[in-house]
Amino acid sequence: DQQVKQNSPSLSVQEGRISILNCDYTNSMFDYFLWYKKYPAEGPTFLISISSIKDKNEDGRFTVFLNKSAKHLSLHIVPSQPGDSAVYFCAASALGFSGGSNYKLTFGKGTLLTVNP
Amino acid sequence: DSGVTQTPKHLITATGQRVTLRCSPRSGDLSVYWYQQSLDQGLQFLIQYYNGEERAKGNILERFSAQQFPDLHSELNLSSLELGDSALYFCASSFSGTGLDIQYFGAGTRLSVL
């Protein structure tokens, strides 16, 4: 049962345009969401996060939007650059729960973003 | 460079064998996490340690075990290996092991079971 879904395995965008990566979740207890970026032969690197008390968080060219009613979040990259080409993972956790498994991150399968020069 | 070191980078072994994967966390980090990434899958959380104690457990098989030592490095032991255990195994570390911590990942160990 996949609780975090990234339905697009890949996305191709022209340099300078907007990249929009989508993520859906099914567990209504998730209240903290993160995006990680992964280059080949490297581990995932934290990019940006958002708490469920917000609907938007911005950091430079990266903005994450959260729609709780739709259980959907998206990562916008504007403008896209060739160096942004990587696999992007959406992850979620349920911080509000008590118990030892609070801090477990549940990851999606990832979306490969290719930014063409 | 995340500061998290995983060894070895690659491991090739046969079914039925036992292997040990090693992880050194970032300096100052007290918590270590292990994840498995199989082909076309997201990262699956296996287990978390904080300052030597097990804190959270995910989808970790009984054939797998882990520990965190007093110097805070961690080892993941995989035994009675099966073909399906072939995967990338990532270790991550964070300072306090709480939910708002950023987890810093190592480059992973690629395990191939033949």
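Please read all numbers here as calculations on a predicted model, not as lab measurements. (Residues numbered from 1 in each chain as written. Chains lettered and ligands numbered in written order. Predicted model: local features only at pLDDT ≥ 70, side-chain atom pairs only at ≥ 80, totals over all residues. Heavy atoms only, no water.)

> Tell me about the pairing of strand β4 (residues 31–37) of chain B, and name the residues and values.
Residue and element names in this part refer to chain B. In terms of residue burial, β4 counts as a mostly covered element, since 7 of its 7 residues are buried. Relative to strand β5 (residues 44–50), β4 runs antiparallel, the two being bridged by 6 bridges. Residue Tyr33 lies in a different strand from β5, and its bridge partner there is Gln48. Between β4 and β5, which follow one another and run antiparallel, lie 6 residues, and Asp40 among them has a positive phi close to 60°. When β4 meets strand β9 (residues 87–94), the two strands line up antiparallel, connected through 7 bridges. Along β9, the bridge assignment pairs Gln36 with Tyr89. (Buried < 20%, exposed > 50% of the residue type's maximum accessible area, 1.4 Å probe, protein only. Helix = DSSP H or I, 4+ residues; strand = E, 2+ residues; numbered from the N terminus. Pairing = 2+ DSSP bridges.)

> How would you sum up the pattern of salt bridges? Please name residues and give values.
Under the definition given, this model contains 5 salt bridges over all chains. For Glu58(A), the salt bridge goes to Lys56(A), with nearest N and O atoms at 3.9 Å. Owing to a relative accessible area of 51%, Glu58(A) belongs among the exposed residues under this scheme. Note that Asp85(B) is salt-bridged to Arg63(B), the shortest N-O span being 2.8 Å. Separated by 22 residues along the polypeptide, Asp85(B) in the loop between β8 (74–78) and β9 and Arg63(B) in the loop between β6 (53–57) and β7 (64–68) bring together distant segments of the chain. It is possible to trace a salt-bridge network through shared partners that takes in Arg63(B), Glu82(B) and Asp85(B). (Salt bridge = Lys/Arg side-chain N within 4 Å of Asp/Glu carboxyl O.)

> Tell me what's going on with the sheet that holds strand β8 (residues 72–77) of chain A, and back it up with residues and numbers.
Residue and element names in this part refer to chain A. Pairing is antiparallel across the open sheet formed by 5 strands, whose spatial order is β1-β3-β8-β7-β6. Looking at which strands have only one partner, the edges of the open sheet turn out to be β1 (4–5) and β6 (56–59). Bridge analysis of strand β7 (residues 62–67) against β8 gives 6 bridges, and the strand direction is antiparallel. Bridging from a neighbouring strand, Phe62 pairs with Ile77 of β8.

> Tell me about a nonpolar patch on the surface, and please be specific about residues and values.
A contiguous nonpolar patch, built from Ile18(A), Ile20(A) and Val78(A) and spanning about 230 Å² of accessible area, is present on the exposed surface. Structurally, the position occupied by Val78(A) is in the loop between β8 and β9 (86–93). (Patch = residues over 30% accessible without salt bridge, like charges linked within 9 Å, V, L, I, M, F, W, Y side chains within 5 Å. Areas by Shrake-Rupley, 256 points an atom, 1.4 Å probe, with all protein chains shown as cover.)

> Describe the nonpolar core, with residues and values.
If you look at soluble globular proteins, the nonpolar side chains tend to sit buried side by side. Grouped together as the largest cluster of nonpolar side chains are 24 residues, with contacts concentrated most on Phe30(A), Phe33(A), Trp35(A), Leu73(A), Leu75(A), Ile77(A) and Tyr88(A). Of all the elements in the fold, those that place two or more residues in this core are β3 (19–25), β4 (32–38), β5 (45–51), β7, β8, β9 and β11 (111–116) of chain A. It is β9(A) that contributes the most residues to this core, 4 residues altogether. Each residue touching Phe33(A), except ones within four places of it in the same chain, is listed here: Tyr25(A), Ile48(A), Ser49(A), Ile50(A), Leu66(A), Leu73(A), Ala91(A) and Ala92(A). Ranked by size, the runner-up nonpolar core spans 21 residues in total, among them Leu11(B), Ile60(B), Leu76(B) and Leu111(B). (Core = buried A, V, L, I, M, F, W, Y, C linked by side-chain atoms within 4.5 Å. Contact = heavy atoms within 4.5 Å.)

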